[in-house]
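Spelled out from the first residue to the last, the chains are:
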Amino acid sequence: MSRFDTAFSTDRPALVCFLTAGDGDTASNLDALVAGGADVIELGMPFTDPMADGPAIQAANLRSLGKGTTTRDVLLIAREFRARHPEVPLVLMGYANPMVRRGPEWFAAEAAGAGVDGVICVDIPPEEDPELGPALRDNGVALIRLATPTSDAARLPAVLEGSGGFLYYVSVAGITGKQQAALGSIQQAVDRLKAATDLPVAVGFGVRTPEQAATIARVADGVVVGSALVELVGQHGDAAPRHLQDLTRQLAEAVHTSRKVAA
Amino acid sequence: MNQQPNSYRTGPDERGHFGQFGGRYVAETLMPLILELEREYRRAKNDPAFQAQFDDLLEHYVGRPSPLYYAERLTDALRENADDGMGAQIWFKRDELNHTGAHKINNCVGQILLAMRMGKTRIIAETGAGQHGVATATVCARFGLPCVIYMGATDVARQQPNVFRMKLLGAEVIPVTSGAATLKDAMNEGLRDWVANVHDTFYIIGTAAGPHPYPELVRDFQSVIGKEARAQMLDRIDRLPDLLVAAIGGGSNAIGLFHPFLDDPDVKMLGVEAAGHGLDKQHAASLAGGSPGILHGNKTYLLQDEDGQIAEAHSISAGLDYPGIGPEHAWLKEIGRVEYTSATDEDALKAFQLLCQTEGIIPALEPSHAIAAIVERAREMPRDSIILANLCGRGDKDIFTVAEALGVQL
Ligand SMILES: Cc1ncc(COP(=O)(O)O)c(C=O)c1O
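Residues numbered from 1 in each chain as written. Chains lettered and ligands numbered in written order. Predicted model: local features only at pLDDT ≥ 70, side-chain atom pairs only at ≥ 80, totals over all residues. Heavy atoms only, no water.

Draft legend 1. Examining the state of the cysteines more closely. All names here are of chain B. What the rule picks out here adds up to zero disulfides over all chains. Looking at the unpaired Cys-140, the closest cysteine sulfur is the one in Cys-147, lying at 3.7 Å. This cysteine, Cys-392, is not joined by any disulfide, and Cys-108 carries the nearest cysteine sulfur, 14 Å off. Owing to a relative accessible area of 3%, Cys-392 belongs among the buried residues under this scheme. (Disulfide = S-S within 2.5 Å. Buried < 20%, exposed > 50% of the residue type's maximum accessible area, 1.4 Å probe, protein only.)

Draft legend 2. Just the packing of aromatic side chains, in detail. All names here are of chain B. Summed over all chains, the structure comprises twelve aromatic pairs over all chains. On the numbers, 5.6 Å between centres and 35 degrees between planes, the contact of Phe-21 with Tyr-301 is tilted. Of this pair, Phe-21 sits in strand 2 (residues 21-25) while Tyr-301 sits in strand 12 (residues 297-302), placing them 280 residues apart in sequence. Neither Phe-21 nor Tyr-301 differs from the other in exposure class; each is buried. Between Tyr-41 and Phe-221 the ring centres are 5.9 Å apart and the planes differ by 75 degrees, which places this aromatic pair in the edge-to-face class. Here Tyr-41 is found in helix 1 (residues 31-45), whereas its partner Phe-221 is found in helix 9 (residues 214-222), with 180 residues between them in sequence. Summarising the burial analysis for this pair, Tyr-41 and Phe-221 share the class buried. An aromatic cluster of three or more residues is present, and its members are Tyr-41, Phe-50, Phe-54 and Phe-221. (Phe/Tyr/Trp six-rings, centres within 6.5 Å; stacked < 30°, edge-to-face > 60°. Helix = DSSP H or I, 4+ residues; strand = E, 2+ residues; numbered from the N terminus.)

Draft legend 3. Structural view of the packing of helix 9 of chain B against helix 10 (residues 224-237) of chain B. Residue and element names in this part refer to chain B. Direction vectors running N to C along helix 9 and helix 10 enclose 35 degrees, while the axes themselves pass 4 Å from each other. Contacts between helix 9 and helix 10 involve Asp-220, Phe-221 and Gln-222 on the former and, on the latter, Val-224, Ile-225 and Gly-226. Per-class residue counts for the contact of helix 9 with helix 10 are three nonpolar, two polar and one charged. (Axes fitted to C-alpha atoms, helices over the stretch in contact; angles between N-to-C directions. Contact = heavy atoms within 4.5 Å. Nonpolar A, V, L, I, M, F, W, Y, C, P; charged D, E, K, R; others polar.)

Draft legend 4. Structural detail: the sheet that holds strand 7 (residues 172-176) of chain B. All names here are of chain B. Strand order in the open sheet formed by four strands is 7-6-5-8, and the pairing between neighbours is parallel. At either end of the open sheet lies a strand with only one pairing partner, and these are strand 7 and strand 8 (201-203). Averaged over all pairs of adjacent strands, the angle between strand axes in this sheet comes to 25 degrees, irrespective of strand direction. Judged from the three bridges that link them, strand 5 (residues 122-127) and strand 8 form a sheet pairing that is parallel. Following the sheet pairing, Ile-123 is matched in strand 8 by Phe-202. Running at roughly 165 degrees to strand 5, helix 5 (residues 131-143) makes contact with strand 5 and strand 6 (147-152) of the sheet. (Pairing = 2+ DSSP bridges.)

Printed below as a string of C-alpha cells:
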C-alpha cells in the first residue's frame, strides 16, 4: 500500500495541508501540521513567478526566495520530513521551470530519493506531459494532476492518463486563496470525476475555515487548505507552529468528522 | 496547407512547438480556452471575410502600408567611418508612422477581431512601455469593449504619458506591485485575471510569446510588416535586402519583418536584444545571456539562475525589459537561420540621437537598439549592399527617459 492509500482510506476524508518551503521555520511548521492532524503534506517549491497563486502564497514565495531558499534546500526539507514522519504522504507542488531546470530525470530522482510521494506541477498540462511525467513515473513518484471547472468530459481522459496519487480538483476557475465555489457545483464535479477514475479526489482553492472544509469533506475524499495556513506563517513568523497546529486541529476535526455530522 | 520541405516557415508543429521551444505550459483551467482559441484561429485564417476586415482596418485605421524609406543621410554618415567601397545602404520600414506610434497595433487589430469572433466581451492585456497597452486600449475603444491593462508599478512611474493615454482611451490601468513590478509581473497578473475570468475574457498578448497559438498568431498578424517590405523592395529597386535588422523584446516586430523572408536564402537576418548596462551586468538579452526554460506558457530562452528562478531584466527601453523571448526566435537561433546580437543602453542612446540628427526622425528606444547594431554592421558591408531595419516605434513616449539619461532637466 502506498502512503496515499493509507491517507485516503475510504471511511475518512483526508486533510491536505500546504505550506511554502523555506518560508519561516519550515521543519517546525510542518511538524505542527502533522501534530494537528494533517493527513497529507503539500510542500510548495518557491518560484519567482507564481502565476496561479493569489497574494498570500505569492508573498510566501517571495519571503522564501528572499531568504535564499534553493531547490536543494527544498529537497533537504523534504528528506528530513520523511525521516521524522515515515508514514505521512509528502507532495511537492510548484511550477515547471524549477522542476525541469536540471532536467526532469534529475528532479524525479532527487524527489524519489528524498521520500517524496507525488508532484503537482501547475503549468505542465497533459499536452506537455513528456516534459516531466515520464521521469516521475519511472522513478515511482506520482504525477498528481489538476482538474478544474473548465476540464470538460472531452479532456478528462487526457487529464487522468498517467496521473497518480490523487486527483486535485481546483474548485474555482481562478487563483489560490480567493473565492469559494458553491457546494452544489463541487459535489457535481466530484461525482463526475469519481465516475471517471478510481483515484481519490481532493478539493482545494479557496478553502479557509473548518466549516468550509467540513462541507466539502462530505462530498470529497480530501480537502486542501493552503493560503489560510501560509498567512499564519506570514503573520507569526517563528511563533507560527502553535497557530498552525491550532488551525490544523480544527480543520482536521471538521474534516474527519464531517460525514458523521452529515449522516 | 502544403508542407514544404526545407522551409523555415512551416512552424510551429501541431503541438505548438518550434523544435524544442514553444508549447502550451499553462494551468489546466486555461487549457480548454487555449485549445478553443487555436480552433477559432484556424477558422479565421481560412475565412476571407476575416482577412478582409483585418486588411481594411490596417489600411484605413492603422494607416498601412507603412512607407519604405531610404535613409540617405544616415547611410552617408555611417560611410564616413567606413573603408573605401564600404558602407551599406540603410533602409527603414516605417512602422513608427502607424496609428498609436508602433507596430503593436497590427497585432491588436487581429486579436480583437478574434476575440469578437469568439464572443468574448472583455479584454485584458499586459504592457511594459505602454505601447501595447495603448494599442490595446485603442482597439477596445474602437470596438466598444471594456479593457483592463496590467502594468508594473515601476513602468507606470516611468511611462506616465502612456498611462494617461490609456486612461483617455477608456482603459482601466492596474499597477502591479508584485515581484519587481515590471513587464514580467504584469504578465503574471494578466494570467491571474484570465484564469479567473475565462468565460468572458480575451487576453491580448503583446508579443510573439506565451502559450501556443499566441506566438503563431501574433507572428502572422505582424507579418504584414515583412510582406509589405518585401513587395516594396522588389517594386522600388527590384531586389531583396541583404540584411534585415530588428530589435527584440519578446520578438514580435522582428518576427513580423523576418518571417516572410525566411526562405530567401540570400537574405541574412539580425535580431538585436537589449544589453542594458552590459552583458556582464544587468541586461535583457535572453538569447545571449539566458538558457532554455519554461515561463508564461512557453519554453524558450530565459534569464534565470541555476535553480530556474527568473532574473530581473534591465533595459533603458521599457519595451525590451523582459527576461524571455518568443519561442520562434529561440528556434531560429538554435538552427542558425537568424543571427542575434545585442546593444547596450549607451549604444541605443547614441543611435537614438544619430537618427534624430541625420534623418529628422525621433525613434523609440526599442528600434534605437536595432540602429545601434546597424552602425556596427553597415561599415563591414559593401556600398551596394542593403540593410533593411524595422523602425518599429516612434520616440515621443521616450523623450523623458532620454532627457534624464542625457542629464537634461525638462
Ligand atoms: C516600439 C516598440 N518596439 C519594440 C518593442 C518590443 O516588442 P517586440 O519585440 O515584441 O517587438 C516594443 C514593446 O513595447 C515597442 O513598444
